[in-house]
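Coordinate inspection notes
What follows is each chain in one-letter form.
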Amino acid sequence: MELLAYTSVTDAPANPRGLAGVHRDTETALTASGLPVALLGNGWYTENHTGTLRDAVARGVLAGSAGTGRIAFASRAELAEAAVRVLTLDGRAGRVYDLTGDTAWTLAEVAAEAAAQTGTPVAYEDLPPEAYRGLLTQVGLPAPAVELIVDSDRCIARGALEHPTGDLRALLGRPTETLAAAVARALKE
């Protein structure tokens with residue numbers, strides 16, 4: 001049987017992020033199409049915050065605007081592996097998966113783990129959205145990316161990405177990557 005797997009965002013119908021609107025509309029259209037579809041709601045990629053971790057260690061600061069919000073990170077590799085499993089196993093049509101890591105962490109915890117692993121002080125600096133927007137613009141990110149990042153951090157601060165679902169663990173057949181492993185991987189890359 002053929003299957004279309006669409007990578008979306010977690011809980012697209014209720015997700016408050018600006019990015020969720022286009023995914024919500026696409027999910028609705030695909031579901032109404034009658035095609036055999038599986039919806040893969042990818043959570044927040046670990047790499048969204050660990051991709052610049054070596055620079056944060058060098059500066060001693062991991063900046064953001066997520067407050068004490070928690071994020072159930074999942075790595076891109078884990079999400080890709082889950083997609084392969086959905087596409088290659090029978091009986092996945094009509095299923096909706098909210099793919100998140102097993103544990104939710106704050107950005108302060110990410111910074112603390114980086115400090116512990118490197119022996120270098122690293123602090124999380126929580127900036128007001130306008131200041132964070134200015135910092136991201138100053139480092140050269142294009143305006144649409146800046147708005148997506150600031151909006152996402154605002155939603156993280158409100159708890160929108162903190163809920164582990166267990167769907168990713170079930171598809172992988174093992175626990176998801178720990179914070180220590182994610183930070184170690186990022187520091188090596």
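Structure: above.
Please read these numbers as outputs of a predicted model, since none were measured by experiment.

Regarding empty space enclosed by the protein
With the rule as written, the count across this model stands at one cavity of 30 Å³ or more. The volume enclosed by the largest cavity comes to roughly 30 Å³. If you trace the largest cavity, you find it lined by T46, F73, A74, E78, W105, T176, E177, T178 and A182. Of the residues that constitute the lining of the largest cavity, the class distribution is four nonpolar, three polar and two charged.

Considering helix α9 (residues 179-188)
Residues of α9 that are buried: L179, A182, V183 and A186. Buried residues along α9 cover an arc of 95 degrees about the axis, so they all sit on one side.

Section: the nonpolar core
Of all hydrophobic cores here, the largest spans 21 residues; its most connected members are L53, L62, I71, F73, L107 and V110. For this core, the secondary-structure elements that each account for two or more residues are α3 (53-59), α5 (107-118) and α9. The element that contributes the greatest number of residues to this core is α5, accounting for five residues. The residues touching L62, leaving out its near neighbours within four places in the chain, are H49, L53, A56, L107, V110, A111, V122, A123, Y124 and E125. In terms of nonpolar packing, the next biggest core, distinct from the first, is built from twelve residues, A83, L99, L168 and L171 among them.

Some details on the side chain of N42
With respect to the helices and strands, the residue N42 is situated in strand β2 (residues 37-42). A relative accessible area of 9% means that N42 is categorised as buried. With sequence-adjacent residues up to four places away left out, N42 is seen in contact with T7, S8, V9, T10, L79 and L99.

Calculation rules
The residue numbering used here restarts from 1 in each chain and proceeds along that chain's sequence as written. Local features are withheld for residues below a pLDDT of 70 in this predicted model, meaning they are given only at 70 or higher, and side-chain atom pairs are given and counted only at 80 or more; totals for whole chains, interfaces and linings count all residues. Side-chain calculation: all heavy atoms of the structure are included, whereas hydrogens and water are not. Using a 1 Å grid laid over the protein atoms alone, points where a 1.4 Å probe fits but cannot get out form a cavity; open sets with protein on both sides within 12 Å along at least 5 of 7 lines form a pocket; any residue with an atom within 4 Å of a point counts as lining. Grid points are joined across faces, edges and corners, and a volume is the space filled by probe spheres set on the points. Residues are sorted three ways: Asp, Glu, Lys and Arg are charged, Ala, Val, Leu, Ile, Met, Phe, Trp, Tyr, Cys and Pro are nonpolar, and all the rest, Gly among them, are polar. For every residue, the accessible area (1.4 Å probe, protein chains only) is compared with the maximum for its type, and the residue is labelled buried under 20%, exposed over 50%, or partly exposed between those bounds. Helical segments are the DSSP runs of H or I of at least four residues, strand segments are the runs of E of at least two, and each set is numbered from the N terminus. Think of it as the arc spanned by the lines of direction from the helix axis to the C-beta atoms. Side-chain atoms within 4.5 Å are what join buried Ala, Val, Leu, Ile, Met, Phe, Trp, Tyr and Cys residues into a set we call a nonpolar core. Contact definition: two residues touch when any of their heavy atoms are within 4.5 Å.

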